[in-house]
Amino acid sequence: MARHRKSKRLPKPHPHRFHHRTTPGAAPGTLVGDPTRPRTKMHAFVYSESSVREFDPQSADEVRSLISPGNVLWLDVESVGDAKLIGEIGALFGLHPLALEDVMHLHQRSKVEEYNGCLYIVTRMHSPAERLQTEQVSMFLGPGWLITFQDMPGDYFEPVRTRLRESKGLIRRHGADYLTYALIDAIIDGYFPLLESYGGRLDTIEESLEDNALRSPLRDLHGVRRDLRELRRIMWPLREMINVLLRGPTEWIKPETQVFLRDCYDHTVQLLDVAESLRESCTDLRDLHLSELSQHTNDVTKVLTIIATLFLPVSFIAGVYGMNFDADVSRFNMPELRWYFGYPFSLMLMAALDIGLLVFFWRRGWLWRRD
């Protein structure tokens, strides 16, 4: 499936920070807006098997006029900073206040909850960036309508919109439950290029280690492993959410749509398997790098030890000859001090000892690296 973006995304908050705007002790269902968010926009599709129309409603009253029997309404709300507008939409469709509060609180995990008159679905959509960043996507599935709330501009839903406009596939021949499946499938497909990019980064790190084992890839490996851990934390609830939709009542998800949801479930399992495999690759590359560093340190230590060992007997001989001897006192006081060949003899003795040590090291296999 092709993947497109509507617009460039704005900078996201740090993924490890927790943002909760409701005052502690506030009544359940309290909606608190965020003025720093982009202006809330709405886009609507009203379609049937034979026709499709698009609208950009500016208020809840305009949305009310789009509800018509025999047609499916998809209302896509972009940005959740306007608490008043979201409250009006909730009142129009009878959405539960607790579910609307979860829409405004953007830290929810993927889940499915059933309220009177609709099904509330939460999932997380990947946002292209150097680091893994996700945004919350909330969906309300009701009889003949689907409402989606996105945190930021831009999504992976453009192929779905194209299928609606051009009547491709089954999307206009089925109801809002099939549209819900199509959006969830688009969200899941958006994670595959991310995992492919992580695989490419790991291949690059492995090649760099082969070319230069001393180059430290630990920072890059830590970044990839951190993102994969976060991705695994996202995918587990997403898999359970789809499993709930598969086992849930057919009032909201028809049996013919559940067949397609099983494919989404398989994709989430595949994503988890690939993410776990890449995490193991991160560990293997880290261990390989550390072992190479340890081997390099051992090689350096070995060379320095050999050099020190070669100079040890030389230093001993030089130290002996540097002592204060007097050959006039006794014939045992270094007689070769007055010998004509005494100096060449001491140099030859030093060279002979070093050559002997090198031969000994070579026979022991200490002068080369055994692979």
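Keep in mind it's a predicted model, so treat the numbers as computed, not measured.

Student: Just to check I follow, could you spell out a nonpolar patch on the surface for this structure?
Tutor: Residues Trp339, Tyr340, Phe341, Phe345, Leu349 and Leu353 make up a contiguous nonpolar surface patch of about 650 Å² in total accessible area. Among the secondary structure elements, Leu353 is positioned in helix 9 (residues 342–364).

Student: Looking at this model, I keep getting lost on the packing of helix 6 (residues 191–211) against helix 7 (residues 218–247). Mind explaining?
Tutor: When two helices pack together, their arrangement is given by the angle between the helix axes and the distance between those axes. Look at helix 6 against helix 7: their axes get within 11 Å of each other, and the N-to-C directions meet at 155°. Accordingly, the angle class assigned to the pair helix 6 and helix 7 is roughly antiparallel. Judged by the twist between their axes, the crossing of helix 6 over helix 7 is left-handed. Where helix 6 abuts helix 7, its residues Tyr191, Leu195, Tyr198, Arg201, Leu202 and Ile205 lie against Asp220, Leu221, Val224, Asp227, Leu228, Leu231, Ile234 and Met235. In terms of residue class, the contact of helix 6 with helix 7 is built from 11 nonpolar, no polar and 3 charged.

Student: Before we go on, may I ask you to explain the packing of helix 4 (residues 158–166) against helix 5 (residues 176–189) in this structure?
Tutor: Contact pair helix 4 / helix 5: the axes reach a minimum separation of 9 Å and the direction vectors enclose 145°. The segment helix 4 lies against helix 5, with Val160, Arg163 and Leu164 engaging Tyr178, Leu179, Ala182, Leu183 and Ala186. In terms of residue class, the contact of helix 4 with helix 5 is made up of 7 nonpolar, no polar and 1 charged.

Student: For this particular structure, what's the right way to read the pairing of strand 2 (residues 52–55)?
Tutor: Sheet faces and side chains relate simply in a regular strand, where the side chains alternate between the two faces. As paired strands, strand 1 (residues 41–47) and strand 2 are joined by 4 bridges and run antiparallel to one another. Each bridged residue has a counterpart across the sheet, and for Phe45 the counterpart in strand 2 is Glu54. The loop that links strand 1 with its antiparallel partner strand 2 comprises 4 residues.

Student: What should I look at first to understand the sheet that holds strand 3 (residues 72–78) in this one?
Tutor: Within a beta sheet, neighbouring strands are joined by backbone hydrogen bonds and run either parallel or antiparallel to one another. The 7 strands are arranged 2-1-3-7-6-5-4 in an open sheet whose pairing can be described as mixed. Lying at the two open borders of the sheet, with one neighbouring strand each, are strand 2 and strand 4 (111–115). For this sheet the average axis-to-axis angle between neighbouring strands, irrespective of direction, equals 15°. Contacts from helix 3 (residues 97–104) reach strand 4, strand 5 (118–127), strand 6 (133–142) and strand 7 (145–150) within the one sheet, and its direction differs from that of strand 6 by about 155°.

Student: Any chance you could explain the layout of surface pockets here in plain terms?
Tutor: Taken as a whole, the second largest pocket holds about 220 Å³ of empty space. Every residue lining the second largest pocket is counted, 13 residues in all, and those nearest its centre are Thr40, Lys41, Met42, His43 and Pro57. Only strand 1 and strand 3 provide two or more residues apiece to the lining of the second largest pocket. A total of 3 residues in the lining of the second largest pocket trace back to one element, the largest contributor, which is strand 1. Each residue belonging to the lining of the second largest pocket can be placed in one class, and the counts come to 3 nonpolar, 3 polar and 7 charged.

Student: Whenever I open this one, the packing of aromatic side chains confuses me. Can you help?
Tutor: Working definition: an aromatic ring pair is given by the centre-to-centre distance plus the angle between the planes. Evaluation of the coordinates by the stated rule reveals 8 aromatic pairs. Between Tyr181 and Phe260, the ring centres sit 5.4 Å apart and the planes meet at 40°, which makes this aromatic pair tilted. Here Phe260 lies in helix 8 (residues 255–321) and Tyr181 lies in helix 5, a separation of 79 residues in the sequence. Ring pairing ties together the aromatic residues Phe45, Trp74 and Phe157, which thus form one cluster.

Student: Help me understand the pairing of strand 4, please; the structure alone is not making it clear to me.
Tutor: Where strand 4 meets strand 5, 5 bridges bridge the pair, whose relative direction is antiparallel. Bridge assignment links Lys111 to a residue of strand 5, and that residue is Val122. Linking strand 4 back to strand 5 in an antiparallel pair, the connection comprises 2 residues, with Gly117 at a positive phi of about 95°.

Student: It is not clear to me how the pattern of salt bridges should be interpreted in this structure. Could you clarify?
Tutor: Pairs can form between side chains of opposite charge once their charged atoms are near each other. Taken as a whole and judged by the stated rule, the model has 15 salt bridges. Two residues, Glu54 and Arg165, come together in a salt bridge whose shortest N-O distance is 2.5 Å. Of this pair, Glu54 sits in strand 2 while Arg165 sits in helix 4, and the two are 111 residues apart along the sequence. Taken together, the shared-partner salt bridges in this structure form one network comprising Glu54, Asp76, Asp155, Glu158, Arg161 and Arg165.

Student: Which parts of the structure should I look at to understand helix 5?
Tutor: Each α-helix winds once per 3.6 residues, and so residues spaced three or four apart point in a common direction. Between the first and last C-alpha of helix 5 there are 20 Å, a value that for 14 residues agrees with the 20 Å anticipated at 1.5 Å per step. Within helix 5, 14 of the 14 residues are buried, which leaves the element mostly enclosed by the surrounding structure.

Student: Is there a simple way to explain the side chain of Glu230 in this structure?
Tutor: Within the secondary structure, Glu230 sits in helix 7. Of the residues examined, Glu230 reaches a relative accessible area of 17% and is grouped as buried. Separated by 2.5 Å, the side chains of Glu230 and Arg233 make a polar contact.

Student: Even after reading the chapter, I still don't get the environment of Val303, so can you show me in this structure?
Tutor: Tracing the sequence through the fold places Val303 in helix 8. Judged by relative accessible area, which is 44%, Val303 ranks as partly exposed. Each C-alpha atom of the pair Val303 and Trp366 lies 9.3 Å from the other, and the pair is 63 residues apart in sequence.

Rules and cut-offs
Residues numbered from 1 in each chain as written. Predicted model: local features only at pLDDT ≥ 70, side-chain atom pairs only at ≥ 80, totals over all residues. Heavy atoms only, no water. Patch = residues over 30% accessible without salt bridge, like charges linked within 9 Å, V, L, I, M, F, W, Y side chains within 5 Å. Areas by Shrake-Rupley, 256 points an atom, 1.4 Å probe, with all protein chains shown as cover. Salt bridge = Lys/Arg side-chain N within 4 Å of Asp/Glu carboxyl O. Helix = DSSP H or I, 4+ residues; strand = E, 2+ residues; numbered from the N terminus. Axes fitted to C-alpha atoms, helices over the stretch in contact; angles between N-to-C directions. Parallel < 35°, antiparallel > 145°, perpendicular 65-115°, else oblique. Left-handed = near helix turned anticlockwise from the far one by under 90°. Contact = heavy atoms within 4.5 Å. Nonpolar A, V, L, I, M, F, W, Y, C, P; charged D, E, K, R; others polar. Pairing = 2+ DSSP bridges. 1 Å grid on protein atoms, 1.4 Å probe; cavity = no way out; pocket = protein on both sides within 12 Å on 5 of 7 lines; lining within 4 Å. Points joined across faces, edges and corners; volume = space filled by probe spheres on them. Phe/Tyr/Trp six-rings, centres within 6.5 Å; stacked < 30°, edge-to-face > 60°. Expected span 1.5 Å × (residues − 1). Buried < 20%, exposed > 50% of the residue type's maximum accessible area, 1.4 Å probe, protein only. Polar contact = N/O pair within 3.5 Å; in protein donor to acceptor, adjacent residues only side chain to side chain.

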